[in-house]
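Structural description and commentary
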Amino acid sequence: MKVVLQNLTKIFPSRNKKSNEEVVAVNDFSFEIPDGKLIGLLGPSGCGKSTTLYMISGLQKPTSGKIFFGDDDVTELSTENRGVGLVFQNYALYPHMTVKQNILFPLQNLKGADKPSKEEMLERAHYAAKLVQIDELMDRKPSELSGGQQQRVAIARALVKMPRVLLLDEPLSNLDARLRLQTREEIRRIQKETGITTVFVTHDQEEAMSISDMIVVMKLGIVQQIGKPQDVYDSPVNLFVAKFLGTPPINVFNGHIKDNKVYIGEDMVLEVKDVPNQEVLIGIRPEGFVLQENGPLQCRLNNVEVMGRDVSIVSTNDASANPVIRSIINADNKVNSDAEFVRYAIKPHKMFIFNKENEERIYFEVK
């Protein structure tokens, strides 16, 4: 099911009686979610991602704009008539019901011609349970399940209605690291098996990038960038997107361009074509550093962290906007941990230049 968001805006009234200033949670969001794809809505707390999800579900009504499921305008349609499955962060399971009863509950509440027979209900419940691999736990109650198992029950309950669209609101944030990894892989498997158009809300960029077909990066209600996860990582449109994606995060330096030469502090690190002289911000991904004895960028060595196949070098530079610089290099490179300084060459495709005033990307070609 294709989902189209058309100039979607949500404004909340001010809670401050003195200022009376409205809060724009989502600002003119337009996007077409392709049929059968998993889309990650990504951004920090307060960016509008959950509000967008709730508008798609019908739990919140947009201030302006329209929502289409396929060719159907569902903007004014109630939640129960939209055909959505919604999975919340806190699972929202009924503690007095068994797993089977929890999964069956949405079907039992259907009315009229939409209500399936008891046999069909049981068949669909067992299918949903098997899909999320909890079919052996049907007689247990939520208190007898682990957090990961409870999350699977919540997903099965959403899937049993055979929704047109599946909506997941930070479904992994209550799980520990190992379970998060396992469950996100399960979500991706289930989505591929069912082919249901899915919208996944998270503030965890690693989660979004690992399972999404496309990601939407948001900030203060405004869409910053939409694209395939790797494309957005490789080519951020502004400093916010560059900083939000990547672990360890991108290293940011104060720099300047003079006579088509890019400087970090006093070090000239790259020659470029046709870029005006100006003060800039320079972002370099951790994997963008090449250890080189006579490299153009000199940093003061703090620490060397061996991580198996990779080595993380922690250093500082007076021009760095970050407290420390983290560079990731192959473990085959030998680093003298007793040295006072370390020198790098920079991979041009891992370096981004941003306007110092508006933090928008300045595109360049290497000379």
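Scroll up for the structure.
Let me sum up the structure you'll find in this document. (Residues numbered from 1 in each chain as written. Predicted model: local features only at pLDDT ≥ 70, side-chain atom pairs only at ≥ 80, totals over all residues. Heavy atoms only, no water.)

1. With respect to the sheet that holds strand E20 (residues 351–355)
Just so we agree on the cut-off: A strand pair is defined by DSSP finding two or more bridges across the two strands. Helix and strand definitions follow DSSP, with helices as H or I runs of at least four residues and strands as E runs of at least two, each counted in order from the N terminus.
The strand order across the open sheet formed by 6 strands is E13-E12-E11-E14-E20-E21, and the pairing between neighbours is antiparallel. The strands lining the two open edges of the sheet, one partner per strand, are strand E13 (267–271) and strand E21 (361–362).

2. Considering the packing of aromatic side chains
What counts is decided by this rule: Each aromatic pair joins two rings of Phe, Tyr and Trp (for Trp, the six-membered one) with centres within 6.5 Å, and gets the label stacked for planes under 30 degrees apart, edge-to-face for over 60, and tilted for any other angle. We call a residue buried when its accessible area falls under 20% of the maximum for its residue type, exposed when it is over 50%, and partly exposed in between, using a 1.4 Å probe and counting protein chains only. Two conditions define a charge sitting above a ring: the NZ of Lys or the CZ of Arg must be within 6 Å of the ring centre, and it must be within 35 degrees of the ring normal.
A full pass over the atoms with the stated rule returns 5 aromatic pairs. Aromatic side chains Phe-29 and Phe-31 sit 6.5 Å apart centroid to centroid with 15° between the ring planes, which places their arrangement in the stacked category. Overall, the relative accessible area of 0% leaves Phe-29 in the buried class. Take Phe-31: its relative accessible area is 11%, and that puts it in the buried class. The ring of Tyr-233 carries the charged tip of Arg-285 above its face, separated from the ring centre by 3.9 Å.

3. Some details on the sheet that holds strand E18 (residues 325–330)
Backbone-to-backbone hydrogen bonds join strands into a sheet, with any given pair of strands oriented parallel or antiparallel. The condition that has to hold: Fitting a line to C-alpha atoms yields each axis, with helices limited to the stretch in contact; the angle taken between N-to-C directions then spans 0 to 180 degrees.
Spatial strand order, E15-E19-E16-E17-E18: 5 strands in an open sheet with antiparallel pairing. A strand with exactly one partner marks an edge of an open sheet, and here the two such strands are strand E15 (289–291) and E18. Taken pair by pair, the neighbouring strands of this sheet meet at an average axis angle of 50°, ignoring direction. Where strand E16 (residues 297–306) and strand E17 (residues 310–316) come together, 6 bridges link them in antiparallel fashion. Within E17, the residue paired with Glu-305 across the bridge is Ser-312.

4. Description of the nonpolar core
Taken as a class, soluble globular proteins show a tendency for nonpolar side chains to be buried jointly. Worth spelling out the cut-off: Among buried residues, the Ala, Val, Leu, Ile, Met, Phe, Trp, Tyr and Cys ones that are joined through side-chain atoms within 4.5 Å form a nonpolar core. It only takes one pair of heavy atoms within 4.5 Å for two residues to be counted as in contact.
Formed by 35 residues in total, the largest nonpolar core has its most connected members in Ile-103, Ile-134, Leu-159 and Ile-187. Of all the elements in the fold, those that place two or more residues in this core are helix H2 (99–108), helix H3 (118–131), helix H4 (147–159), strand E7 (165–169) and helix H5 (177–194). Considering each element in turn, this core owes the most residues, 6 residues, to H4. For Leu-159, the residues in contact, after removing those within four places along its chain, are Leu-131, Val-132, Leu-166, Ile-190 and Ile-196.

5. With respect to the packing of H4 against H5
Packed helix pairs are characterised by how far apart their axes lie and by the angle those axes make with each other. Our working definition: Note on terminology: angles under 35 degrees are roughly parallel, angles over 145 are roughly antiparallel, angles of 65 to 115 are roughly perpendicular, and the others are oblique. Each crossing gets its hand from how the near helix is turned against the far one by less than a right angle, where anticlockwise is left-handed and clockwise is right-handed. Put simply, Ala, Val, Leu, Ile, Met, Phe, Trp, Tyr, Cys and Pro go in the nonpolar bin, Asp, Glu, Lys and Arg in the charged bin, and everything else, Gly too, in the polar bin.
One way to put it is that H4 packs onto H5 with a least axis distance of 11 Å and a crossing angle of 20°. Taken together, the axes of H4 and H5 lie roughly parallel to each other. The interaxial crossing formed by H4 with H5 has right-handed handedness. Facing H4, whose interface residues are Gly-148, Gln-151, Arg-152, Ile-155 and Leu-159, H5 presents Leu-179, Gln-182, Thr-183, Glu-186, Ile-187 and Ile-190. Class assignment for the residues of the contact of H4 with H5 results in 5 nonpolar, 4 polar and 2 charged.

6. Let's talk about unusual backbone geometry
In the segment running from Thr-247 into Pro-248, the intervening peptide bond is cis, with an omega of -10°. With respect to the helices and strands, Pro-248 occurs in the loop between helix H8 (239–244) and strand E11 (251–258). In the Ramachandran plot, Gln-133 falls in the positive-phi region, its phi being about 65° despite a non-glycine side chain. Take Gln-133: it is sitting in the loop between H3 and H4. For Glu-170, which is not glycine, the phi dihedral falls at a positive 45°. With respect to the helices and strands, the residue Glu-170 is situated in the loop between E7 and H5. Given a relative accessible area of 13%, Glu-170 falls into the buried group.

7. Considerations on the pairing of strand E14 (residues 278–284)
Across the 7 residues of E14, 5 count as buried, placing the element largely inside the fold. The sheet contact formed by E14 and E20 spans 5 bridges and is antiparallel. Counted as the bridge partner of Gly-283 is Phe-352 from E20.

Limitation: the analysis is restricted to geometry and does not speak to function.
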